[in-house]
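Structural features, examined
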Amino acid sequence: MNIHNEKILILDFGSQTTQLIARRIREQKVYCEIHPYTFSLDSIKEMQPKGIVLSGGPASVYDEDAPLSDPGLFELDIPVLGICYGAQLMTLQLGGKVEKAQKREFGKSDLEVLFTGGLFAGLESGTCRYQIWMSHGDRIEVLPAGFESSAQSEHSPYAAIRHTEKNMVGVQFHPEVAHTLIGTDVLRNFIFGICGCDPNWTMHNFVESTVAEIRNKVGAEKVICALSGGVDSAVTAALVHKAIGDQLTCIYVNNGLMRTGETKSLMRFFQDKTHLNVIQVDAEEYFLGELDGVVDPEIKRKKIGYGFIKIFEEEAKKLGDVKYLAQGTLYPDVIESVSFRGGAVIKSHHNVGGLPEVMKLDLIEPLRDLFKDEVRELGLELGLPEEAIYRQPFPGPGLGIRIMGEVTRDRLAILRQADVIVLEEMKNSGYYRKVWQSFAVLLPIQTVGVMGDERTYENVIALRSVDSVDAMTADWSKLPYDLLGRISNRIINEVRGVNRVVFDVSSKPPSTIEWE
Ligand code: XMP
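Residues numbered from 1 in each chain as written. Predicted model: local features only at pLDDT ≥ 70, side-chain atom pairs only at ≥ 80, totals over all residues. Heavy atoms only, no water.

**A few points about the overall build of the protein chain**
What counts here: Helix and strand assignments follow DSSP, with helices taken as H or I runs no shorter than four residues and strands as E runs no shorter than two, numbered in order from the N terminus. Within these notes, the globule rule equals 2.2 Å times the number of residues to the 0.38 power, and the radius of gyration is based on C-alpha atoms. Accessibility here uses a 1.4 Å probe with only protein chains present; expressed as a share of the type maximum, an area under 20% marks a residue as buried, one over 50% as exposed, and anything in between as partly exposed. All accessibility values rest on the Shrake-Rupley procedure with a 1.4 Å probe; residue burial counts only the protein chains present in the view. Residues scored as positive are Lys and Arg, those scored as negative are Asp and Glu, and His as well as the terminal groups of each chain are ignored. By convention, charge coordinates are those of NZ in Lys, CZ in Arg, CG in Asp, or CD in Glu.
For the protein chain, the count of helices and strands is 15 helices and 18 strands. A compact globule built from 516 residues should have a C-alpha radius of gyration of about 24 Å, and the protein chain, at 26 Å, falls within 12% of that. Each principal axis of the C-alpha distribution contributes one length, and for the protein chain these read about 80 × 60 × 40 Å. Among the 516 residues that make up the protein chain, the fraction classed as buried is 54%. For the protein chain, the exposed area adds up to about 23600 Å²; of that, 48% sits on carbon and sulfur atoms. In the protein chain, 55 side chains carry a positive charge and 71 a negative one; their mean positions are 3 Å apart.

**As for unusual backbone geometry**
Note the cis peptide between lysine 508 and proline 509, where omega equals -15 degrees. Tracing the backbone through its elements, the reader meets proline 509 in the segment after strand S18 (498–503). Here proline 509 and proline 510 are connected by a cis peptide whose omega angle stands at 5 degrees. Relative to the assigned elements, proline 510 resides in the segment after S18. A positive phi angle is found at aspartate 77, which is not glycine, with a value near 65 degrees. Its location among the elements puts aspartate 77 in the loop between strand S3 (51–54) and strand S4 (80–83).

**Concerning the environment of alanine 440**
Applied cut-off: We call two residues contacting when some pair of their heavy atoms lies within 4.5 Å.
Tracing the backbone through its elements, the reader meets alanine 440 in strand S15 (residues 437–451). The sequence separation of alanine 440 and valine 422 amounts to 18 residues, and the corresponding C-alpha distance is 6.9 Å. Each residue touching alanine 440, except ones within four places of it in the same chain, is listed here: Arg402, Leu415, Ala418, Asp419, Val422, Ile461 and Ala462.

**Side note on the domain arrangement of the protein chain**
How we decide: For every domain, the bounds stem from an assignment made automatically or drawn from a database.
Segmentation of the protein chain into domains returns domain 1 (7–194), domain 2 (203–389) and domain 3 (408–503). Using only C-alpha atoms to locate each centre, domain 1 and domain 2 end up separated by 38 Å.

**A word on the environment of tryptophan 515**
Condition: Whenever a nitrogen or oxygen atom comes within 3.5 Å of another N or O atom, the pair is scored as a polar contact, on the condition that within protein one atom can donate a hydrogen and the other can accept it, and that pairs from neighbouring residues in sequence are kept only if both atoms are in side chains.
Inspection of the secondary structure assignment puts tryptophan 515 in the segment after S18. By relative accessible area, tryptophan 515 is classed as partly exposed at 33%. Those residues in contact with tryptophan 515 that sit more than four places away from it in its chain are Met404, Val441, Leu443, Ala462, Arg464 and Asp504. Only 2.9 Å separates the side chain of tryptophan 515 from the side chain of aspartate 504, close enough to count as a polar contact.

**Considerations on the packing of aromatic side chains**
Definition in use: Pairs were defined over the aromatic rings of Phe, Tyr and Trp, the Trp ring being its six-membered one, requiring ring centres within 6.5 Å. Orientation was assigned from the angle between planes: stacked under 30 degrees, edge-to-face over 60, tilted for the rest. The criterion is that NZ of a Lys, or CZ of an Arg, lies within 6 Å of the ring centre and within 35 degrees of the ring normal, and then a charge sits over that ring.
Enumeration according to the criterion identifies eight aromatic pairs in this entry. Judged by centre distance (4.8 Å) and plane angle (50 degrees), the ring pair of tyrosine 31 and tryptophan 201 falls under tilted. Remark: tryptophan 201 occurs in the loop between helix H4 (183–194) and helix H5 (203–218) and tyrosine 31 occurs in strand S2 (residues 31–36); sequence separation between them is 170 residues. The exposure class assigned to tyrosine 31 is buried, which follows from its relative accessible area of 1%. Here the basic side chain of arginine 402 rests over the ring of phenylalanine 439, its NZ or CZ set 3.6 Å away from the ring centre. A cation over an aromatic ring shows up here: lysine 434 above the ring of tyrosine 431, its NZ or CZ 4.3 Å from the ring centre.

**Points about the sheet that holds strand S14 (residues 362–364)**
What counts here: Pairing between two strands requires that DSSP report at least two bridges joining them. Think of each axis as a best-fit line through the C-alpha atoms, taken over the contacting stretch in the case of a helix, with angles from 0 to 180 degrees between the N-to-C directions.
With parallel pairing, the five strands of this open sheet are ordered in space as S12-S11-S10-S13-S14. Both edges of this open sheet fall to strand S12 (277–282) and S14, since each of them pairs with a single strand only. Across the sheet, the mean angle from the axis of one strand to that of its neighbour is 30 degrees, orientation sign disregarded. With four bridges joining them, strand S10 (residues 223–226) and strand S11 (residues 248–254) adopt parallel strand pairing. What sits directly across from isoleucine 224, in S11, is threonine 249. Sheet strands in contact with helix H6 (residues 231–244) are S10, S11 and strand S13 (324–326), and its direction is about 160 degrees off that of S10.

Have a look at this one:
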């Protein structure tokens, strides 16, 4: 069965919430893909989506360089849902009028449903009001021929519109955000009621179809995969292994910068529960040698990234003819979208990036259609231990970028002990899975303290804990004082060489999650 047969196409006009639309649709077990608004009419015809969503966007339809889609898409007889900018664009391209609103609508608003079919099937009209979330400066003033208003808000007589005969609908609010309390109803009505999709995008089906695809592509060739200890590479390895068994070899490079016991449970799982081939390379000496005397964060990152590629390549060569590299690339990394304009390099991230070019390998990226929460679900479906699946993200350069200043064995030992305490306390209090990441950072300064009757002059540990949904933005976690107190007490009492703990209360931006 090809589960990608039935899909919804989302054309992205640059909204911050385009990815959210996709997630909300997939939560309903319907597969969807995001493409830039420039996606051609021919590509749409070839794709044969069951429905098209035009996303919101920051532009005004009257801007000189306003992003416009091919109006031919309204002639395809495929249902269309325009959201905010998308609804205004549809209005304009079909002959209606959009103007700057007298009063811009931002934030919560109340919706009165006028037509209780289509997008609002199952909801009530009359005195009932539904909370929605608006964010627009323009508004629809004149409807195109054949359209009528299906809902209104205080400032928008056309808060939702529908064609009376064709499957074309639009909303000026955002059904994808949580503040729109009827958002799920609206999206479900579109994908099931209007587009006629079936909810068949399940992880079980995904495993079946992806395993078949991998077998098909790989044939009898050999595949390698870098295991990092993280959930993405673990799930990739488990999935590829399910497809081609022994033809897959995984390589795990211990760079000496991992947390205490970081990969143990995962390795144990792979050794005990599967027959996955894992080569473990102990390269601690090499990496610590490379980092000797290095203080600059970017040089640290580059040295660690380069070292990884070098060692991985050496190991892979020993395996003989390898044709493919399996990699845990996720959907947010591949979306070709107008919202992802390139920016300045803040940090050079090190994953397995660079490997395929250096080693001339073809890629297998079985997770490239998935969001992080779907990867976790897939991991559970494949039987990976929960502990591995709900692990917090951990950066490729490891503790190397959590020790400010020079990375030495002694400083690694201090940070590891502090880090274990942070993790233990976060887990015991139930906060480990509530926050996005929580960890210790070793600072390059010493401060004065008093222990017993003695003066001390020792290291400072900073505690970092953040809440986030995608690591693009983050806020510091509002951890309870008693938890903070316990972590601080334990670190100062149990870790030799630390006499002070501070808590980082900066958000991202302007700070970043990691300190280097
Ligand atoms: P920043 O510090 O940029 O981190 O706010 C955002 C997220 O990315 C993780 N991170 C990395 N992940 N390789 C990775 O695989 C890296 O080089 C790297 N640097 C940062 C960080 O832990 C956070 O989740």
